[in-house]
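Take a look at the letters that make up each chain.
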Amino acid sequence: MKDDAEVRLTPKAFDILLVLSRCAGDLVEKQVLMKEVWGDVFVDESTLTQNIFTLRKALGDPSYIETIPRVGYRLTVPVTPVAQPIPEPAPPTRRSLLFVGGAFGVLLVIGAGYLSTHNRTQQAGAMADLRSLVVLPFVNIGDAGHEHLADGITEETINALSAAQRLRVVARSTAFQFKGKPQDVRELGKKLNVEAVLEGSVSRQQNQLRVTAQLSRAADGTIIWSKSWMRDWKDVFAVQREIAQTIAGNLGPSAGKPGTGNVEAYNLYLLGRFHRSKFVPASIEKAVASYRQAIEKDPSYAAPYAALADCYQVQGYSRSLPPKEAFPLAASMVRKALALDPSQVYAHTVDAKIKLYFDRDWAAAEQAISRALSIDPSDSELHHTYSHLLIAMGRFTESLAESHRAIELDPLNQDVLGHLPFHYYLSRDYDAGISAALRSLEVDPQHVPTLAHLLWNYRASGRMEQAVETGAKLGYSPALVALLRDSLAPSAKDGYWRTFLKHQLKTFGPSDPNGHAFEFGALYSRLNDRDHAFEWLNRAYEDRSSWLVYLKVDPAFDNLRADPRFTDLVRRIGLP
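Sequence order as written defines residue numbering, which begins from 1 separately in each chain. For this predicted model, a pLDDT threshold of at least 70 governs which residues receive local features, and a threshold of 80 or more governs which side-chain atom pairs are given and counted, while totals over whole chains, interfaces and linings are taken from all residues. To obtain the side-chain values, all non-hydrogen atoms of the structure were included, while hydrogens and water were left out.

Focus: the overall build of the protein
Convention followed: Every helix listed is a DSSP run of H or I at least four residues long, and every strand listed is a run of E at least two residues long, numbered separately from the N terminus. The classification of residues rests on relative accessible area computed with a 1.4 Å probe and restricted to protein chains. Under 20% of the type maximum is buried, over 50% is exposed, and intermediate values are partly exposed. The contact criterion used is simple: two residues touch if any of their non-hydrogen atoms lie within 4.5 Å.
For the protein, the count of helices and strands is 26 helices and 11 strands. Counting across all 576 residues of the protein, residues that qualify as buried make up 52%. Look at the contacts in the protein between residues 6 or more apart in sequence, and 61% of them connect residues 24 or more apart.

Notes on the nonpolar core
We apply this condition: Each nonpolar core is a collection of buried residues, namely Ala, Val, Leu, Ile, Met, Phe, Trp, Tyr and Cys, held together in the definition by side-chain atoms within 4.5 Å.
Membership of the largest hydrophobic core comes to 129 residues, with the highest contact counts inside it found for Leu-133, Val-134, Leu-537, Tyr-550, Leu-551 and Phe-557. Looking at which element gives the most residues to this core, the answer is helix α12 (residues 302-318), with 9 residues. If we skip the residues at most four places from it in the chain, Leu-537 touches Phe-518, Gly-521, Leu-548, Leu-551, Phe-557, Leu-560 and Leu-569. Counting residues in each nonpolar core, the second largest holds 21 residues, with Ala-13, Trp-38, Leu-55 and Val-139 among its members.

Brief notes about the pattern of salt bridges
Put simply, the test is: Should a side-chain nitrogen of Lys or Arg be within 4 Å of a carboxyl oxygen of Asp or Glu, the pair is scored as a salt bridge.
Scanning the model with the defined rule gives 20 salt bridges in all. Residue Glu-187 pairs with Lys-190 through a salt bridge whose shortest N-O separation is 3.9 Å. With Glu-187 and Lys-190 both in helix α8 (residues 185-192) and 3 residues apart, this pair spans about one turn of that helix. Overall, Glu-187 belongs to the partly exposed group, its relative accessible area being 46%. Here Asp-568 ties to Arg-571 by a salt bridge, and the two come within 2.6 Å at their closest N and O atoms.

Here we look at unusual backbone geometry
Notably, Arg-319 is not glycine yet its phi reads approximately 70 degrees, a positive angle. Following the sequence through the fold, Arg-319 ends up in the loop between α12 and α13 (323-340). The class of Arg-319 is partly exposed, set by a relative accessible area of 25%. The backbone of Arg-428 sits at a positive phi, close to 70 degrees, despite the residue not being glycine. The topology assignment puts Arg-428 in the loop between α18 (414-426) and α19 (430-441). By relative accessible area, which is 34% here, Arg-428 ends up partly exposed.

Details of the packing of helix α24 (residues 517-526) against helix α25 (residues 530-542)
Note the cut-off: To obtain an axis, a line is fitted to C-alpha atoms, over the contacting stretch when the element is a helix, and the angle between two such axes runs from 0 to 180 degrees between their N-to-C directions. Comment on the angle field: the value is read as roughly parallel under 35 degrees, roughly antiparallel over 145, roughly perpendicular from 65 to 115, and oblique elsewhere. Working rule for handedness: look at the near helix, and if it is turned counterclockwise from the far one by less than a right angle, call the crossing left-handed; if clockwise, right-handed. Residues are grouped as follows: nonpolar covers Ala, Val, Leu, Ile, Met, Phe, Trp, Tyr, Cys and Pro; charged covers Asp, Glu, Lys and Arg; every other residue, Gly included, is treated as polar.
Viewed as axis vectors pointing N to C, α24 and α25 meet at an angle of 160 degrees, and their least axial separation amounts to 8 Å. It follows from the interaxial angle that α24 and α25 lie roughly antiparallel. Seen along the crossing, α24 lies across α25 with a hand that is left-handed. Taken together, the residues of α25 that come into contact with α24 (itself represented by Ala-517, Phe-518, Phe-520, Gly-521, Tyr-524 and Ser-525) are His-532, Ala-533, Trp-536, Leu-537, Arg-539 and Ala-540. When grouped by side-chain class, the residues that make up the contact of α24 with α25 number 8 nonpolar, 3 polar and 1 charged.

Focus: the packing of helix α14 (residues 345-359) against helix α15 (residues 362-375)
Interaxial distance between α14 and α15 falls to 8 Å at its minimum, and their mutual angle equals 165 degrees. On the basis of the axis angle, α14 is roughly antiparallel to α15. In terms of crossing hand, the pair formed by α14 and α15 is left-handed. Counted together, Val-345, His-348, Asp-351, Ala-352, Lys-355 and Leu-356 of α14 and Trp-362, Ala-364, Ala-365, Ala-368, Ile-369, Arg-371, Ala-372 and Ile-375 of α15 form the full contact between these two elements. Tallied by class, residues from the contact of α14 with α15 come to 10 nonpolar, 1 polar and 3 charged.

Details of the environment of Ala-265
Looking at the secondary structure, you find Ala-265 in helix α10 (residues 263-276). The exposure class assigned to Ala-265 is buried, which follows from its relative accessible area of 0%. Each C-alpha atom, one on Ala-265 and one on Ser-290, is 9.1 Å from the other, the two residues being 25 residues apart in sequence.

Some words on the environment of Ile-153
Here Ile-153 is to be found in helix α6 (residues 147-161). Along the chain, Ile-153 and Pro-137 lie 16 residues apart, while their C-alpha atoms are 8.7 Å from each other.

Things to note about the packing of aromatic side chains
Note the cut-off: Stacked, tilted and edge-to-face are the three classes assigned to paired rings of Phe, Tyr and Trp, where Trp is represented by its six-membered ring and a pair needs centres within 6.5 Å; plane angles under 30 degrees give stacked, over 60 edge-to-face, the rest tilted.
Following the criterion strictly, the structure yields 19 aromatic pairs and no others. Relative to Trp-547, the ring of Phe-518 has its centre 6.4 Å away and its plane inclined at 25 degrees; by these criteria the two rings are stacked. Taken as a pair, Phe-518 in helix α24 and Trp-547 in the loop between α25 and α26 (564-573) lie far apart in primary sequence, 29 residues in all. Trp-547 sits in the partly exposed class, given a relative accessible area of 26%.

Notes on α18
Operational definition: By definition here, a helix of n residues has an expected span of 1.5 Å times n minus one. Counted as a polar contact is a pair of N or O atoms within 3.5 Å, where, for protein atoms, one must be capable of donating a hydrogen and the other of accepting one, and residues adjacent in sequence contribute only when both atoms are in side chains.
The end-to-end C-alpha separation of α18 is 19 Å, in line with the 18 Å expected for 13 residues at 1.5 Å each. Of all 13 residues in α18, 12 are buried, a share of seventy percent or more. Regarding α18, the residues found buried are Gln-414, Val-416, Leu-417, Gly-418, His-419, Leu-420, Pro-421, Phe-422, His-423, Tyr-424, Tyr-425 and Leu-426. Where the residues of α18 are buried, they touch α16 (380-392), α17 (396-409), α19, α20 (448-460) and α24. Of the residues that open α18, the one with a side-chain oxygen 3.0 Å from the backbone nitrogen of Asp-415 is Asn-413. Just past α18, the residue Arg-428 takes up positive phi, approximately 70 degrees.

Here we look at the sheet that holds strand β2 (residues 65-68)
Counted only if it meets this: Whether two strands pair comes down to DSSP finding at least two bridges between them.
If you walk across this open sheet you meet the 3 strands as β1-β3-β2, and the pairing is antiparallel. Two strands in the sheet have a free side with no partner beyond their single neighbour: β1 (27-29) and β2. For this sheet, the mean angle separating the axes of adjacent strands, direction not counted, is 30 degrees.

With respect to α24
Among the 10 residues that make up α24, 8 are buried, leaving the element largely enclosed by the rest of the structure. Residues of α24 that are buried: Ala-517, Phe-518, Phe-520, Gly-521, Ala-522, Leu-523, Tyr-524 and Ser-525. Buried residues along α24 sit against α23 (495-508) and α25. Two residues or fewer after α24 comes Asn-528, characterised by a positive phi angle close to 60 degrees.

Structure representation (structure tokens):
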């Protein structure tokens with residue numbers, strides 16, 4: 001609006017105005033503007049220039065938008081949000097709601113003076129009624145090298161809000177499924193069954209930090225609360241606490257402390273979390289390096305110890321490091337984390353995994369989980385870990401309940417969804433396992449663990465043609481896929497298993513440098529070659545293979561169960 005009269009803009013001109021208003025007073029580079037407004041669609045600079053001309057004409061004063069030759073543009077006037085409602089609003093999308101400094105909706109007032117904001121009493125009342133929300137990943141505006149900062153502030157905000165006992169906060173894994181994807185607030189509310197959506201943006205320029213946050217009601221897209229901060233980088237903790245306290249303070253306990261006052265240590269911890277989330281060996285190694293540096297900056301900071309322990313246990317489980325090396329390192333880091341902060345749920349969760357997969361101390365693992373659940377019963381990863389422990393002990397009903405609880409808390413977490421077909425495979429409900437895997441793959445068709453669990457259910461149920469096709473999706477070489485297809489001829493007894501075993505032995509060799517002893521034991525068991533099966537299983541036992549915890553319930557070993565050597569191995573592992 002201008003002089004109380006409505007000013008009509010083309011959609012792209014308005015989008016440009018939104019982007020400029022986010023950083024009112026700051027330079028916005030041309031490439032940033034074009035990326036924000038047109039995405040991956042190619043446009044040349046003349047298109048941008050024409051829209052800037054349209055904007056200047058509509059605003060009535062060319063000086064409102066300053067041109068920085070060959071670089072970009074700057075909005076030179078203050079921007080303040082207008083709170084009055086708009087009749088029949090168009091469905092709000094995430095693009096139209098991301099902001100820094102203003103432009104919250106489709107009404108803008110640009111110029112001198114102060115405009116009205118939401119009534120504080122109404123804000124507090126609206127927030128007090130909230131029972132559920134999702135924190136969407138904050139958008140990083142500016143240097144791509146600061147992506148970890150936006151992700152980290154998002155995670156810390158989720159953690160702080162989760163402290164409010166009457167507030168259900170969607171877990172990080174599910175929230176991050178929407179990163180970089182424009183969302184209709186109302187549709188998102190229905191999809192996740194939440195009442196509100198918190199979103200925002202982060203921009204760091206040298207030692208200056210700009211953070212915005214906006215809370216919208218999911219039912220109709222109405223903005224409940226919004227604010228922006230421009231602070232020194234060292235004040236990052238105060239900003240994230242204020243975001244959480246503004247919302248959670250109306251619901252129950254205030255947000256907790258970040259665990260360190262050292263900004264460098266905190267930044268390194270966030271960088272580690274960013275690398276850890278990628279879950280590939282090279283990124284895990286980068287995360288380890290970042291966590292170690294964070295500890296060097298602040299040895300009293302508990303979080304990086306717990307995170308470093310998690311990396312070590314992942315390396316041990318996947319055999320990126322020998323289990324006998326990785327798990328003791330993980331245990332050492334867990335002890336340090338819990339000594340510094342006994343309430344660290346993350347540390348208790350890793351502790352339970354160490355006790356399950358390496359120590360094989362089922363009672364101690366269950367105690368660690370119980371302690372963590374008493375601190376935070378809404379942690380989906382805890383319920384997921386508990387499900388693994390319970391199924392290893394053959395407690396199928398309890399395990400399934402924990403799996404469903406984890407999914408309820410974190411409905412789009414692919415690891416949690418992909419665990420369900422693994423549960424059904426071990427409990428021999430293969431049809432349910434196949435159905436669960438196919439549903440999970442609708443979220444991420446390329447998720448490797450889910451594809452593997454689908455493959456196992458197909459093979460165990462005798463659906464070998466589907467197994468071959470799933471193997472191709474998993475990345476089996478064309479040559480192996482062709483051999484497996486040929487092995488399905490009716491005349492080839494056990495052809496699939498013999499062909500696959502021969503390929504694996506040729507690929508990895510009898511010395512088994514990559515920790516395939518458990519798999520070889522399972523393949524020989526499928527072929528009812530008991531002597532070779534136990535030879536490999538004993539090697540897996542000596543290597544402390546994590547997979548042995550499932551020995552008692554894995555269908556692959558049904559041919560061995562009557563053999564006294566199987567009973568002895570179960571006893572040595574300590575399975576109940």
